[in-house]
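Listed below, chain by chain, are the residues.
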Amino acid sequence: MNPLKQELDINNERYRIIVSVKEDYLDGKLSLKDGNRILKEKLGTCTPDEFAYAEQSLKGVYKDEEILDKMDDLLNLFDGVLMRAENEYPENHPLWVYLEEINAVEKVAVEADELLKQDKFIKNPWLGVFDSLAQWRTHLSRKQNQLYPMLEDHGFDRPTRIMWTFDDAVRDAISASYALLREDKYDEFLVSVPETLSKLRDLNSKELEVLLPTSFKLLSDEEFVRMSKNDHEIGYAIIKTPDLYVVPGINDSALQLNQSGSTRDGAVSNEFLNDLAGLLSKYVGPVGGAPVGKEAVLDVATGKLTLDQINLIFRHLPVDLSYVDENELVKFYSDTAHRIFPRSANVIGREVKNCHPAKSVHIVEEIVEKFRSGEQSQAEFWINKPGLFIYVIYTAVRDENGKFRGVLEMMQDCTHIRELEGSRTLLTWDQADYVGDGGSEKSLALKAAESVAEEPLAVDAGGYVHIDEKTTLSKLIKHSPDVVDYLVSLNPKFEKLKTPMVKVMAKVATVKMIAEQRGDFDVNDLIAKLNAFINNNS
């Protein structure tokens, strides 16, 4: 029996009926009305996992694009048949968190509905709405880097690839509407909002009706515990950061972490180191009659290093690295503190094409194909935004015999490098934007503020600065570059504000967003703390 079919406990006869009706409808042999009637007569009802498994099983018969274009019709085909999932999960369970976020964003959407009914257009309330909606990319990022890879490990990959395309459509729609709002193109903005909300709600409906209930049935508690831990690394949208998901006997120690509100420094790094030691022990063999440990000295190409040293080198490189082997499986990425884009340990062992949205998969496949054939050896890309220049280069990895062994991706924030002029031949201790430099975070913060053309914080006649929930991070940094370090002192989760992407997010991240997404602070409490800090340091 198909392993996925067995895990979902799919009944053969019911499965054949569902697939038959889906295929006949897609082939034009059945109308929407007739197909719906047959399903009601022969099935009565259909569970979310039955619907999802039938979609997965169309693989090889229909292209993803065909299913994507017909997805809404396929859902209509099952109108009155597809059972509505209860979506009840234990508190702090990763799926419970998804549900909390969906409920929270629906409240934001309702607020937008009400604003659309107003006779007069007022910009500030809309900015509040889209400050919240802009966070939704974090919800989508967790799905793509966490939930999808785990489902794909179980052979459930087609529905996730299709949903990724819907994810991108929602993200792009929110970004486009928000851009129109910031550019004061009010008429175009108001026209765009209903469609943006429609796409958001449609995607959330698909999550609630199919994705979440199927995931709950397919994945184990061990997987959800691991997912919860990695979810915290990526972050959350709109809601406050939940506690870790705790299952007695699996991660009892997490209960103590939840109660203390913090994690041990270096826990992720140590876990990675131990995993690396275990992996190398399989191939390098025992050293001195014992498995390879992190202090064991290994012969590398041009030297001798311990696993601990190897790990430290990768973590301190001024670039981000990812390696995909000759089988097109993601094998490694460097877990640097300055990482430009989020990564999750769940991508390890995953097909590289499943790590990218559908619209860019063909580019990935072309790079691998031309590298494998020897036709090409490098491909470069770059992202150029105000105050930020990201350089990406893919290099073919070949052994000493010229055999293709995979692809190495290097990504670097080159903003500072592009700004260099003249020559420097003497040692100078300034605060340059070197990745890993002790003063780089402050310089990065200054660059973030300088890259945004906006008014500084208002100061009253008494010289007192007033901050509110809509004050942007860039304004805070422009007034006091030390504010990022202060936020980190309040909660280590604010370390994310020291990554290169702060130069992009600073202009849209408000105090309210920061409080809700990263700090577990009541927004008014955070405003009071920031007001005190800013005014004491002015």
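Residues numbered from 1 in each chain as written. Predicted model: local features only at pLDDT ≥ 70, side-chain atom pairs only at ≥ 80, totals over all residues. Heavy atoms only, no water.

Engineer: Outline the nonpolar core, listing residues and values.
Structural biologist: Cys46, Phe78, Trp126, Val129, Phe130, Leu133 and Trp136 are the most contacted members of the largest nonpolar core, which totals 68 residues. The dominant element in this core, judged by the number of residues it contributes, is helix H6 (residues 94-116), at 11 residues. A domain split of this core shows at least three residues from each of domain 1 (3-77) and domain 2 (94-234). Leave out the neighbours within four places in its chain, and Trp136 touches Glu101, Ile102, Val105, Val170, Ile174, Leu200, Asn204, Ala237 and Ile238. (Core = buried A, V, L, I, M, F, W, Y, C linked by side-chain atoms within 4.5 Å. Buried < 20%, exposed > 50% of the residue type's maximum accessible area, 1.4 Å probe, protein only. Helix = DSSP H or I, 4+ residues; strand = E, 2+ residues; numbered from the N terminus. Domains from an automatic or database assignment. Contact = heavy atoms within 4.5 Å.)

Engineer: For the pattern of salt bridges, give the residues involved together with the corresponding values.
Structural biologist: Considering all chains together, one arrives at 20 salt bridges under this definition. Across the pair Arg201 and Asp113 runs a salt bridge, and its minimum N-O distance is 2.7 Å. Of this pair, Arg201 sits in helix H10 (residues 186-218) while Asp113 sits in helix H6; the two residues are 88 residues apart in sequence, bridging distant segments of the chain. Among the residues examined, Arg201 registers a relative accessible area of 27% and is labelled partly exposed. Taking the relative accessible area as the measure of exposure, Asp113 reaches 24% and is therefore partly exposed. In this structure, the salt-bridge partner of Lys123 is Asp184, at a minimum N-O distance of 2.6 Å. Of this pair, Lys123 sits in helix H7 (residues 123-133) while Asp184 is found in the loop between helix H9 (158-182) and H10, placing the two residues 61 residues apart along the sequence. Take Lys123: its relative accessible area is 23%, and that puts it in the partly exposed class. (Salt bridge = Lys/Arg side-chain N within 4 Å of Asp/Glu carboxyl O.)

Engineer: Any chance you could break down unusual backbone geometry for me, citing the residues and the numbers?
Structural biologist: Backbone geometry at Asp184 places phi at a positive 65 degrees, although glycine is not the residue there. Look at Ile238: it is not a glycine, yet its phi comes out positive at around 70 degrees. Position of Ile238 among the secondary structure elements: in the loop between helix H11 (221-234) and helix H12 (253-260).

Engineer: Tell me what's going on with the packing of aromatic side chains, and back it up with residues and numbers.
Structural biologist: What describes a pair of aromatic rings is the distance from one ring centre to the other and the angle between the planes of the rings. Using the criterion set out here, one finds 12 aromatic pairs in the structure. Judged by centre distance (6.5 Å) and plane angle (35 degrees), the ring pair of Phe216 and Phe224 falls under tilted. Owing to a relative accessible area of 38%, Phe216 belongs among the partly exposed residues under this scheme. Measuring from centroid to centroid gives 4.6 Å for Phe314 and Phe332, while their planes differ by 55 degrees, and the two rings are tilted. Here Phe314, found in helix H14 (residues 307-316), pairs with Phe332, found in strand E4 (residues 330-333); they are 18 residues apart in sequence, far enough to count as distant. Classification of Phe332 as buried rests on a relative accessible area of 17%. The side chain of Lys206 reaches across the aromatic face of Phe166, ending 4.7 Å from its centre. (Phe/Tyr/Trp six-rings, centres within 6.5 Å; stacked < 30°, edge-to-face > 60°. Lys NZ or Arg CZ within 6 Å of the ring centre and 35° of its normal.)

Engineer: I'd like a description of the pairing of strand E2 (residues 303-306), backed by residues and values.
Structural biologist: Direction of pairing for strand E1 (residues 297-300) relative to E2: antiparallel, over a ladder of four bridges. Within the sheet, the bridge partner assigned to Val297 lies in E2 and is Thr306. From the end of E1 to the start of E2, which pair antiparallel, there are two residues. (Pairing = 2+ DSSP bridges.)

Engineer: Please set out the sheet that holds strand E7 (residues 404-413) residue by residue, giving values where relevant.
Structural biologist: If you trace the five strands from one edge of the open sheet to the other, you get E4-E3-E7-E6-E5, paired in antiparallel fashion. The open sheet terminates on both sides in strands that have one partner only, identified here as E4 and strand E5 (378-385). Recorded for the sheet is a direction-independent mean angle of 15 degrees between the axes of neighbouring strands. In the sheet, strand E3 (residues 320-325) pairs with E7 via six bridges, with the strands oriented antiparallel. Across the sheet, the residue bridging to Asp325 is Gly406, located in E7. (Axes fitted to C-alpha atoms, helices over the stretch in contact; angles between N-to-C directions.)

Engineer: For the side chain of Gln144, give the residues involved together with the corresponding values.
Structural biologist: When you line up the elements, Gln144 lands in helix H8 (residues 136-153). What makes Gln144 buried here is its relative accessible area of 11%. Within polar-contact distance, the side chain of Gln144 engages the side chain of Asp167 at 3.4 Å. Non-local contacts of Gln144, meaning those with residues more than four positions away in its chain, are made with Pro149, Trp164, Asp167, Asp168 and Arg350. (Polar contact = N/O pair within 3.5 Å; in protein donor to acceptor, adjacent residues only side chain to side chain.)

Engineer: I'd love a proper account of H14, names of residues and values included.
Structural biologist: Buried residues of H14: Leu307, Ile310 and Asn311, and no others. All buried residues of H14 project into a common sector of 95 degrees when viewed along the axis, lining one side. (Arc of directions from axis to C-beta.)

Engineer: Could you give an account of H11, with specific residues and numbers?
Structural biologist: Note: α-helices contain 3.6 residues per turn, so residues at a spacing of three or four share the same orientation. Helix length check: H11 (14 residues) gives 20 Å between terminal C-alpha atoms against 20 Å at 1.5 Å per residue, within 8%. Glu223, Phe224, Val225, Met227, Ser228, Asn230, Asp231, His232 and Ile234 are the residues of H11 that are buried. Immediately downstream of H11, the backbone of Gly235 shows phi near 110 degrees, a positive value. (Expected span 1.5 Å × (residues − 1).)

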